[in-house]
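Structural characterization, general
Now for the letters of each chain:
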Amino acid sequence: SVSSAQTTHSLFSPDGKMIVFNRIERGARGSDASVVVTDLAGSGEVRVADGRYGKYTPDGREIMYVGETGEMFFARAPISISNGAQGGGPEGTVR
């Protein structure tokens with residue numbers, strides 16, 4: 001099966017050291033969207049969660065995003081890529 005990826009909605013972290021973006025993978029089974037973080041050095045990427053429209057909170061500790069169900073979620077933001085950090089996963093929904 002052949003798949004292709006598209007990157008959209010890139011935004012900087014408040015400190016300007018990281019970038020959060022959407023990766024949309026299109027393949028034989030449809031499309032999957034992920035919120036991904038990378039650093040400016042390009043030393044790697046961390047998949048934060050399934051979803052779209054990731055945006056850092058003003059303090060840079062969390063990333064808000066829209067989940068697959070359309071609800072807003074928060075996830076812990078990775079503080080570095082080179083240490084093999086993993087995404088935080090959903091911590092809660094916005095009410």
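Residues numbered from 1 in each chain as written. Predicted model: local features only at pLDDT ≥ 70, side-chain atom pairs only at ≥ 80, totals over all residues. Heavy atoms only, no water.

1. Some details on the overall build of the protein
From N to C terminus, the protein includes zero helices and eight strands. The N-to-C order of helical and strand elements in the protein reads β-β-β-β-β-β-β-β. Residue burial in the protein is summarised as follows: out of 95 residues, 35% are buried. Of the contacts made within the protein by residues no fewer than 6 positions apart, 28% connect residues no fewer than 24 positions apart. Surface exposure of the protein reaches about 5,900 Å², of which carbon and sulfur atoms provide 49%. (Helix = DSSP H or I, 4+ residues; strand = E, 2+ residues; numbered from the N terminus. Buried < 20%, exposed > 50% of the residue type's maximum accessible area, 1.4 Å probe, protein only. Contact = heavy atoms within 4.5 Å. Areas by Shrake-Rupley, 256 points an atom, 1.4 Å probe, with all protein chains shown as cover.)

2. As for the packing of aromatic side chains
Remark: the centre distance and the inter-plane angle together describe each pair of aromatic rings, the angle taken between the planes. According to the stated counting rule, one finds one aromatic pair in the structure shown. Ring centres of Tyr-65 and Phe-73 lie 5.7 Å apart, and the angle between their planes is 20°; on these two criteria the pair is classed as stacked. (Phe/Tyr/Trp six-rings, centres within 6.5 Å; stacked < 30°, edge-to-face > 60°.)

3. What about the environment of Ile-81?
As for its position among the elements, Ile-81 is in the loop between strand S7 (72–76) and strand S8 (90–93). Given a relative accessible area of 6%, Ile-81 falls into the buried group. Residues Ile-81 and Val-37, 44 residues apart in the sequence, show an inter-C-alpha distance of 8.1 Å. In contact with Ile-81, not counting residues within four places along its chain, are Met-18, Val-37, Thr-38, Asp-39, Ser-43, Gly-44, Glu-45 and Val-46.

4. A word on the environment of Val-46
If you trace the backbone, Val-46 turns up in strand S4 (residues 45–50). Overall, the relative accessible area of 4% leaves Val-46 in the buried class. Counting along the chain gives 11 residues from Val-46 to Val-35, while the straight-line C-alpha distance between them is 8.7 Å.

5. Details of the confidence of the model for the protein
When pLDDT is averaged across the protein, the result is 81; 79% of the residues are at 70 or more. In the model of the protein, S8 stands out as the element of lowest mean pLDDT, 49, in contrast to strand S6 (residues 62–66), which has the highest, 95. (pLDDT = per-residue confidence, 0-100.)

6. Looking at the pattern of salt bridges
The final tally for this structure, using the stated rule, is two salt bridges. Note that Glu-45 and Arg-23 form a salt bridge whose closest N and O atoms lie 2.8 Å from each other. Placement of Glu-45 in strand S4 and of Arg-23 in strand S2 (residues 18–27) is noted, with a sequence separation of 22 residues between them. Measuring nitrogen to oxygen at the nearest pair gives 2.2 Å for the salt bridge that ties Arg-47 to Asp-50. For Arg-47, a relative accessible area of 45% corresponds to the partly exposed category. (Salt bridge = Lys/Arg side-chain N within 4 Å of Asp/Glu carboxyl O.)

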